[in-house]
Amino acid sequence: MDTRPREAIEKIRAWVQGEIKMMDCRAYGGRAMSAARDLKGAPRYAAYAAGQAAVTAHVAAHDLGAAAYAIKAVKASVVKDFAEASGKIECAWQRDQLPDQIRDLVLDDQRLRNPICRNVLIVNFIRLSKIRCSIYNVKNEKYRSDTHIHLHQVFGKVEQAVIKFLNRLKAFT
């Protein structure tokens, strides 16, 4: 397994702690992006996400690229029918990780830059907790119409796919 994306993430953490210079962090980001070129699908986008995060950690205006690549990685990790929903879940999860102090700033930036991020940063702002609540409500509905069964299956599979993908990404961190 190519360790360059993982090394880039380690260097981001080291830069944040003041242990290395930004130029060193950027160099590791470039290596992660080089690793991405030889890959396809979700691993490629995950490696690009690590590389983009490392080369732009010092410029807030460019950080959305890493978020967009992570969303693309999640979308590429599931079957096509679940790609859009998986991307929205990932985007909502990312937003749930934002500190309250910068949430409005980041969300405003996402609205402005969504087109240059290939429109993967959903503009209708939802919270992952609301998605989980919807999944829970659909799974525990007393009556089972075809629609409810279908939603249960879709959300269940998307949730499983995203959890599986995030567990695979832990190997990079």
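Going by the structure above, here's the rest.
Residues numbered from 1 in each chain as written. Predicted model: local features only at pLDDT ≥ 70, side-chain atom pairs only at ≥ 80, totals over all residues. Heavy atoms only, no water.

Colleague: Looking at this model, I keep getting lost on the packing of helix H1 (residues 4-16) against helix H2 (residues 22-37). Mind explaining?
Modeller: With their axes 8 Å apart at the nearest point, H1 and H2 run at an angle of 160 degrees to one another. The pairing of H1 with H2 is recorded here as roughly antiparallel in orientation. Crossing geometry of H1 relative to H2 is assigned as left-handed. Contacts from Arg4, Pro5, Glu7, Ala8, Lys11, Ile12 and Trp15 of H1 reach H2 at Met22, Cys25, Tyr28, Gly29, Arg31, Ala32, Ser34 and Ala35. When the residues that make up the contact of H1 with H2 are grouped by side-chain class, the tally is nine nonpolar, two polar and four charged. (Axes fitted to C-alpha atoms, helices over the stretch in contact; angles between N-to-C directions. Helix = DSSP H or I, 4+ residues; strand = E, 2+ residues; numbered from the N terminus. Parallel < 35°, antiparallel > 145°, perpendicular 65-115°, else oblique. Left-handed = near helix turned anticlockwise from the far one by under 90°. Contact = heavy atoms within 4.5 Å. Nonpolar A, V, L, I, M, F, W, Y, C, P; charged D, E, K, R; others polar.)

Colleague: How should I be thinking about H1 in this particular structure?
Modeller: Given 3.6 residues per turn, any residue in an α-helix points the same way as the ones three and four places further on. With 13 residues, H1 ought to run about 18 Å at 1.5 Å a step, and its terminal C-alpha atoms sit 18 Å apart, in line with that. Inspection of H1 places Pro5, Ala8, Ile9, Ile12 and Ala14 among the buried residues, and these make up the whole buried set. Next to the buried residues of H1 lie H2 and helix H3 (41-56). Just past H1, the residue Gly18 takes up positive phi, approximately 80 degrees. (Expected span 1.5 Å × (residues − 1). Buried < 20%, exposed > 50% of the residue type's maximum accessible area, 1.4 Å probe, protein only.)

Colleague: Even after reading the chapter, I still don't get the pattern of salt bridges, so can you show me in this structure?
Modeller: Pairing is possible between side chains that carry opposite charge, provided their charged atoms lie close to one another. Per the stated rule, a full pass over the model turns up five salt bridges. The salt bridge partner of Lys75 is Glu84, with a shortest N-O separation of 2.9 Å. Ionic pairing is found between Asp100 and Arg103, a salt bridge with its closest N-O pair at 3.4 Å. With a gap of three residues between them, Asp100 and Arg103 both fall in helix H6 (residues 100-113), about one helical turn apart. (Salt bridge = Lys/Arg side-chain N within 4 Å of Asp/Glu carboxyl O.)

Colleague: I keep staring at H3 and nothing clicks. Help me out?
Modeller: For H3, with 16 residues, the first-to-last C-alpha span of 22 Å sits near the 22 Å given by 1.5 Å per residue. When H3 is considered as a whole, its buried residues turn out to be Ala42, Ala46, Ala47, Tyr48, Ala49, Ala50, Gly51, Gln52, Ala54, Val55 and Thr56.

Colleague: Explain the packing of aromatic side chains here, please?
Modeller: Each aromatic ring pair is summarised here by two numbers: the centre-to-centre distance and the angle between the ring planes. Applying the stated criterion to the full structure yields one aromatic pair. Consider the rings of Tyr48 and Tyr69, whose centres lie 5.2 Å apart with planes at 25 degrees: the pair is stacked. Pair noted here: Tyr48 is in helix H3 and Tyr69 is in helix H4 (residues 64-76), with a separation of 21 residues, a long-range link. (Phe/Tyr/Trp six-rings, centres within 6.5 Å; stacked < 30°, edge-to-face > 60°.)

Colleague: Would you take a moment to explain the nonpolar core for this structure?
Modeller: For soluble globular proteins, the rule of thumb is that nonpolar side chains tend to be buried together. In terms of nonpolar packing, the biggest core is built from nine residues, these being Leu64, Ala67, Ala68, Ile71, Cys91, Cys117, Val120, Leu121 and Ile122. The element best represented in this core is H4, accounting for four residues. Not counting residues within four places of it along the chain, the set of residues in contact with Cys117 comprises Leu64 and Ala68. In this structure, Ala8, Ala32, Ala54 and Ala57 belong to the second largest nonpolar core, which totals seven residues. (Core = buried A, V, L, I, M, F, W, Y, C linked by side-chain atoms within 4.5 Å.)

Colleague: Where do I start with the packing of H2 against H3 in this structure?
Modeller: Relative to each other, H2 and H3 sit at 165 degrees, their axes nearing to 7 Å. The angle between the axes of H2 and H3 places the two elements in the roughly antiparallel class. Both H2 and H3 take part in a crossing whose hand is left-handed. Contacts between H2 and H3 involve Met22, Cys25, Arg26, Gly29, Gly30, Ala32, Met33, Ala36 and Arg37 on the former and, on the latter, Arg44, Ala47, Tyr48, Ala50, Gly51, Gln52, Ala54 and Val55. Taken together, the residues that form the contact of H2 with H3 break down as ten nonpolar, four polar and three charged.

Colleague: Can you walk me through the environment of Val106 in this structure?
Modeller: You can see Val106 is positioned in helix H6. Overall, Val106 belongs to the buried group, its relative accessible area being 19%. Between the C-alpha atom of Val106 and that of Ala61, which follows or precedes it by 45 residues, the distance is 9.3 Å.

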